[in-house]
Amino acid sequence: MIRMLKTMPPTAILGVLVIAAYAVIALFAPLLAPHAEAQIVGAQFEPWSATYPLGTDTLGRDMLSRLIWGARNTVGVALVTTALAFGIGAIAGLLAAALGGWADLALSRLVDVLMAVPALILTLLALSALGPGVANLVVVVAILDSTRVFRLARATAMNVMVMDYVEAAQLRGEGTWWIISREVLPNISAPLIAEFGLRFCFVFLTISALSFLGLGLPPPMADWGAMVRDNAALITFGDVTPLLPAACIAVLTVSVNFVVDWMLHRASGLKD
Amino acid sequence: MSVAETRRRPILRMIAGRLGIGVFTLFVISVLIFLAVSLLPGDIAQQVLGQSATPETVAAFRRELGLDQPLAWRYLDWVGGVLSGDFGRSLANGRPVAELLAARLGNTMFLAAYAAVIAVPLAVGLGLLAALWRGSWFDRIANVATLSAISFPEFFIAYILMFWLSVRMGWFPSIADPGASPRLAEMLGRAFLPAITLVLVVTAHMMRMTRAAVVNVLGAPYVTMARLKGVSRWRVVTRHALPNALAPIVNVVALNVAWLITGVVIVEVVFVYPGLGQLMVDSVTNRDIPVVQACALIFAAVYILLNLLADVLAIATNPRLLHPR
Amino acid sequence: MLLNIEKLKVEARGDEGWTPILHGVDLQVAKGEVVGLIGESGAGKSTLGLAALGFAQGGLRFAGGRVIFDGTDLLQLPERRRRAFRGRRVAYVAQSAAASFNPAWRLLDQFCEGPAIHHTAGRAESEAFARQLYAAMHLPDPENFGLRFPHQVSGGQLQRAMVAMAMACKPDLIVFDEPTTALDVTTQIGVLAAIRQAVETTGTAAIYITHDLAVVAQMADRIKVMRHGREVEDAPTRRMIEAPAQDYTRSLWAVRAFRRPPRALPQASAPTIGIREVTAGYSSLDVLSEVSFDIPRGATVAVVGESGSGKSTTARAITGLLPPRAGRIALNGTPLPPRLAQRTLEQKRAVQMIYQMADTALNPRQTIRQILSRPLQFYLGLTGRAREARLNQLMEQIELEPARFLDRLPGELSGGQKQRVGIARALAADPEFIICDEVTSALDQLVAEGILRLLSKVQDETGVSYMFITHDIATVRAIADEVVVMKGGRVMDKGLKAEVLDPPRHAYTRELLASVPQMDPDWLTRRIAEGAA
């Protein structure tokens with residue numbers, strides 16, 4: 001572990017530290033936030049002061065509190081969505097690789113079609129049909145994002161499926177479940193873990209973008225994307241406050257990407 | 001082109017195959033977009049008119065929408081309309097969708113083209129240099145910079161630029177409405193902030209993918225062989241690697257149109273730019289389905305067609321297919 | 001001295017910094033001399049060969065020593081001046097011509113590139129030279145051969161075209177890096193003849209890198225044996241072959257010396273495996289046509305053939321992975337269902353397989369104990385003490401100490417040890433029949449011999465039958481009772497080893513045997529004189 005830390009580039013170390021900090025803030029939001037997330041505590045757009053370190057928002061709610069609550073809401077929803085996308089994509093991809101034939105063909109064609117159009121367009125279409133709501137948001141984004149997990153899981157699993165040890169297991173008469181869980185999965189866990197990080201970034205950015213467009217978490221939940229949108233008017237007056245939630249998003253995704261980049265680099269380095 | 005001739009030239013067969021797949025994909029997507037309405041939980045007429053509407057008005061509205069017809073017939077009717085330029089009427093204001101699209105489509109195309117003209121050469125050039133100088137300081141800085149840029153939400157980049165270049169410096173307008181028939185120079189100035197935001201987002205993605213594609217080609221044994229023949233580094237890249245990297249680079253460019261489209265939607269909202277993206281977002285909020293369908297279909301068609309073009313180009317430059325055994 | 005490499009050190013970048021892979025090696029090549037470099041994989045032969053061009057592969061660096069070519073130390077030159085030597089004075093022929101020719105260029109354009117950038121000849125002159133060389137190397141239609149793209153040319157022709165390209169600037173030294181390793185023996189002989197002729201007619205010096213001693217014996221005036229980045233021995237070819245000084249060098253001959261003692265086969269009514277008129281293939285293509293042969297009980301049947309002969313496809317048909325289109329396969333006289341899924345557990349247990357690449361045959365994430373326990377439990381229902389006892393017994397059988405090896409991962413084992421575990425996994429099923437698919441061809445000679453000895457011993461102990469797929473005649477002679485010769489998906493000849501091979505009965509067997517390089521340094525000369533190549 002210590003040796004791993006030593007070989008970590010500074011960007012990755014920074015990334016790990018930031019991710020840890022976000023986790024702490026999200027977990028302990030109720031303890032850390034001075035006010036409740038929907039509590040109106042002052043006048044609209046109060047400037048930064050001792051009482052309201054980051055001022056108040058368009059409805060007079062404490063900015064700092066909402067930023068802290070936002071960590072819990074936005075990151076939480078993104079994590080749930082990523083986990084769902086990952087579950088769907090990985091299981092479908094592994095099945096496609098292990099079963100081959102028609103199952104593989106059907107799943108692959110379906111994914112091809114879903115990926116033939118930019119995901120945001122399909123998301124907007126689905127949300128306009130299904131209407132707003134956290135559940136719809138999570139399911140739609142998860143399904144569309146699972147296509148990329150599917151492709152990676154299928155491709156890496158295919159590389160393992162052609163190995164002689166898998167053929168040996170097939171000749172022995174092992175079932176699909178054994179082959180997936182014992183022979184394939186342990187050998188593709190490294191790229192899949194890195195992919196989880198990447199997917200989280202994409203899902204997080206997509207959900208933030210949808211929130212920003214007014215299609216994310218319903219008010220009055222504190223949500224970083226929506227907070228930018230609600231307070232954007234301040235920017236034209238030269239106030240940076242609305243940029244803070246956007247910066248919170250950026251810092252987290254940059255950190256995750258730094259860590260993933262290092263993991264991918266390491267994985268490819270070991271292969272050589 | 002006779003069948004026999006097509007059979008003899010695998011390249012023509014492959015291109016024909018690609019075109020077939022492209023048309024089929026477009027068909028499946030159009031069905032998907034069409035079904036978005038039909039799969040709605042509950043009744044769209046009821047939802048649009050609200051709970052207070054009488055059953056008679058709902059029934060009349062359903063007839064107007066054609067909801068009493070069978071699904072397949074409605075699809076054919078809709079596609080037939082689209083192909084003849086009729087996208088139906090907006091549920092929000094009753095105006096023909098085609099009319100709403102007309103002005104905005106041009107604006108969006110202008111913005112996207114503006115960004116692409118800057119981003120594509122920039123990204124491909126920088127990606128090539130990063131691949132060439134792999135492991136150098138330039139490469140490392142480019143890696144961190146592009147990684148950060150793709151990690152930023154598009155609206156963050158947009159607002160930073162707005163804050164800095166518009167509010168602080170006052171160089172560009174923060175609202176990018178090109179207005180009615182302005183001159184080109186004026187349009188370029190007004191659309192500069194949204195365009196440059198798109199350039200930053202797209203360049204970051206495209207540059208990383210270009211670098212990966214070129215690094216892949218540079219690792220090929222024939223590149224080593226060229227160096228062992230005493231070929232200079234520059235010549236190795238331009239004469240040996242580039243002809244083989246062309247197809248992957250074209251694909252990278254086409255794939256990144258996705259980021260351009262995603263970016264367009266968000267950037268138009270930030271800068272209140274009257275384009276297709278903003279229209280689509282507004283219509284999603286209002287649940288004005290015919291408009292959403294029209295916008296989705298246009299974005300999807302553009303993306304599918306560009307990727308189809310890239311595929312065909314990749315096939316057409318493949319020596320194995322150009323010169324069959 | 002044309003080339004004088006002195007105390008060359010090369011290092012490779014690893015996780016923990018730089019590790020040496022060449023530990024100060026010397027190499028001298030005189031004008032017109034051919035030096036053979038031989039050694040096992042990882043000996044550093046290619047690295048040393050590339051150093052003659054002042055080139056270090058990606059991830060490697062020169063860490064000391066000198067590479068003096070015609071009086072100039074290449075390592076001291078800036079890259080730009082080193083380039084003037086590459087291709088012009090020292091040329092390189094790579095192992096895989098298919099990957100080393102640029103797919104987007106015509107062969108002739110690639111030939112003419114060297115003379116053009118080094119300004120040694122004009123376009124017309126080098127085109128004429130190319131045609132001349134193509135003709136000398138017996139390439140088809142030499143006038144227009146160069147107008148083809150690499151993918152339009154067969155592997156053997158492409159390799160000859162690469163030899164021609166290396167000579168484009170009339171270099172003083174050519175480095176041949178395993179130029180025939182990827183080829184079949186009947187193709188190899190043509191390329192060897194082309195190389196020999198090219199070297200002799202131009203009087204160029206050469207470094208010939210290979211792991212095949214018989215091949216290097218034909219080509220080299222002098223042989224240097226390498227191991228683990230160090231020189232083992234350096235001597236003129238004949239002396240090296242007749243009187244090797246070092247134990248390690250002697251061990252390289254070992255597999256050719258191994259002969260299984262002749263034995264009497266038990267007479268059984270039905271053969272373990274009977275193959276009758278089996279036709280099989282992929283999509284519309286027949287890879288096997290009407291293949292019939294038997295594997296008698298307790299016997300080793302070697303199936304010999306070049307790539308594409310259908311020997312591996314036969315194995316897939318027997319295992320049920322590729323159900324035949326027509327024909328029958330029987331186990332102990334009882335027909336086997338064509339598909340694996342239709343076979344009973346007992347039938348699956350009876351047929352086992354050992355693979356060529358031990359690296360990919362063992363799951364890198366399972367310990368040896370897990371790998372061997374699964375078949376014991378799956379087929380025989382062994383658990384607890386009984387399984388543990390059988391595990392120890394198996395490990396004793398493959399001569400690996402149970403306490404030391406059972407809890408290791410495959411990555412912690414050597415190539416030979418991994419192959420032994422592969423054998424144990426097959427034995428764990430108590431099989432009646434084992435398919436050995438090129439089980440020794442990825443191993444170094446000495447290790448391969450150990451595996452052959454082990455397989456023979458196991459057969460004596462258990463009476464299991466083997467189908468031994470190989471392309472190597474020496475292995476066939478060492479271990480087989482019966483031989484099946486295949487070509488193009490058909491059986492050319494079959495029968496007892498002596499009947500089929502000594503002397504070769506079928507015309508194709510004759511060609512095959514005649515193409516296998518012999519240790520005798522005059523073998524290739526004789527073959528060329530006989531008009532074989």
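Residues numbered from 1 in each chain as written. Chains lettered and ligands numbered in written order. Predicted model: local features only at pLDDT ≥ 70, side-chain atom pairs only at ≥ 80, totals over all residues. Heavy atoms only, no water.

Participant: What should I look at first to understand the pattern of salt bridges in this one?
Facilitator: Residue and element names in this part refer to chain C. Evaluated as defined, the whole model comprises 50 salt bridges over all chains. Close ionic contact of E499 with R505 constitutes a salt bridge, the shortest N to O distance being 3.8 Å. Classification of E499 by relative accessible area gives partly exposed; the value is 40%. On the accessibility criterion, R505 (44% relative accessible area) is partly exposed. In this structure, a network of salt bridges that share partners links the residues E33, R222, K224, E231 and D234. (Salt bridge = Lys/Arg side-chain N within 4 Å of Asp/Glu carboxyl O. Buried < 20%, exposed > 50% of the residue type's maximum accessible area, 1.4 Å probe, protein only.)

Participant: Can you help me understand the domain arrangement of chain C in this one?
Facilitator: How big an interface is tends to be reported as the loss of accessible area on association of its parts. All names here are of chain C. In terms of domains, chain C is made up of domain 1 (3-254) and domain 2 (273-502). Here the C-alpha centroids of domain 1 and domain 2 sit 37 Å apart. Of the roughly 690 Å² buried between domain 1 and domain 2 on both sides combined, carbon and sulfur atoms contribute 43%. Our count for the domain 1 to domain 2 interface comes out at 0 salt bridges. Seen at the junction of domain 1 and domain 2, the total is 3 residue pairs in polar contact (both at pLDDT 80 or more). Grouping the constituent residues of the side of domain 1 that touches domain 2 by class yields 3 nonpolar, 3 polar and 2 charged. (Domains from an automatic or database assignment. Buried area = accessible area lost by both parts, 1.4 Å probe. Polar contact = N/O pair within 3.5 Å; in protein donor to acceptor, adjacent residues only side chain to side chain. Nonpolar A, V, L, I, M, F, W, Y, C, P; charged D, E, K, R; others polar.)

Participant: Would you mind showing me how to read the sheet that holds strand 11 (residues 273-282) of chain C here?
Facilitator: Working definition: the strands of a sheet are paired by backbone hydrogen bonds and lie parallel or antiparallel to each other. Residue and element names in this part refer to chain C. Across the sheet, which stays open at both edges, the 4 strands sit in the order 12-11-14-15 with antiparallel pairing between neighbours. Each edge of the open sheet is held by one strand with a lone partner, namely strand 12 (285-295) and strand 15 (334-335). One ladder, built from 2 bridges, connects strand 14 (residues 326-331) with strand 15; its direction is antiparallel. Bridge assignment links A330 to a residue of strand 15, and that residue is P335. Contacting strand 11, strand 12 and strand 14, helix 13 (residues 311-319) crosses the sheet at an angle of about 110° to strand 11. (Pairing = 2+ DSSP bridges. Helix = DSSP H or I, 4+ residues; strand = E, 2+ residues; numbered from the N terminus. Contact = heavy atoms within 4.5 Å. Axes fitted to C-alpha atoms, helices over the stretch in contact; angles between N-to-C directions.)

Participant: Would you mind going over the pairing of strand 7 (residues 173-177) of chain C with me for this structure?
Facilitator: Each regular strand shows side chains that alternate between the opposite faces of the sheet. Residue and element names in this part refer to chain C. Most of strand 7 sits inside the fold, with 5 of its 5 residues counted as buried. Side-chain alternation along strand 7 places L173, V175 and D177 on one buried face and I174 and F176 on a second face that is also buried. Bridge count for strand 6 (residues 90-93) against strand 7 is 4 bridges, and the pairing is parallel. Note that in strand 7 the partner of V93 across the bridge is F176. Here strand 7 runs beside strand 8 (residues 205-210); their pairing, made up of 5 bridges, is parallel. Bridge pairing in strand 8 links I174 to A206. Chirality of the crossover, the property in question, places the unit of strand 7, helix 8 (residues 185-202) and strand 8 among those that are right-handed. (Right-handed = clockwise from strand over helix to strand, strands pointing away.)

Participant: What is the right way to read the sheet that holds strand 19 (residues 482-487) of chain C from this model?
Facilitator: Residue and element names in this part refer to chain C. On the basis of which strands lie adjacent, the open sheet formed by 6 strands has the order 16-17-18-13-19-20 and mixed pairing. Every interior strand has two partners, whereas the edge strands, strand 16 (351-354) and strand 20 (490-496), have only one. When strand polarity is set aside, the average angle formed by the axes of neighbouring strands in this sheet is 20°. As judged from the 4 bridges shared by strand 16 and strand 17 (residues 433-437), these two strands associate in the parallel manner. Its bridge partner being in strand 17, I354 is matched across the sheet by C436.

Participant: Looking at this model, I keep getting lost on the side chain of T440(C). Mind explaining?
Facilitator: All names here are of chain C. Tracing the backbone shows T440 in the loop between strand 17 and helix 20 (445-462). Classification of T440 as buried rests on a relative accessible area of 9%. Residues contacting T440, with those up to four places away along its chain left out, are A448, I451, L452 and T475.

Participant: Before we go on, may I ask you to explain the packing of helix 13 (residues 257-270) of chain B against helix 14 (residues 276-286) of chain B in this structure?
Facilitator: When two helices pack together, their arrangement is given by the angle between their axes and by how far apart the axes lie. Residues and elements named next belong to chain B. For the pair helix 13 and helix 14, interaxial distance at closest approach is 7 Å and the crossing angle is 85°. The orientation of helix 13 with respect to helix 14, classified from their angle, is roughly perpendicular. For the pair helix 13 and helix 14, the contacting residues are V265, E268 and V269 in the first and L276, G277, Q278 and V281 in the second. Here the residues of the contact of helix 13 with helix 14 sort into 4 nonpolar, 2 polar and 1 charged. (Parallel < 35°, antiparallel > 145°, perpendicular 65-115°, else oblique.)

Participant: Looking at this structure, how should I read the interface of chain C and chain A?
Facilitator: Each partner contributes residues to the interface: chain C has 23 residues there, and chain A has 18 residues. The largest per-residue losses of area from chain C upon contact with chain A belong to Y355(C), T360(C) and R374(C), which jointly make up 29% of the total buried on that side. The interface formed by chain C and chain A holds 2 salt bridges in total. A salt bridge links E174(A) to R374(C); the nearest nitrogen and oxygen atoms lie 2.5 Å apart. Of all the secondary structure elements, the ones that give two or more residues to the side of chain C that touches chain A are helix 13, helix 14 (345-350), helix 15 (358-361) and helix 16 (368-380) of chain C. In terms of residue class, the side of chain C that touches chain A is built from 12 nonpolar, 4 polar and 7 charged.

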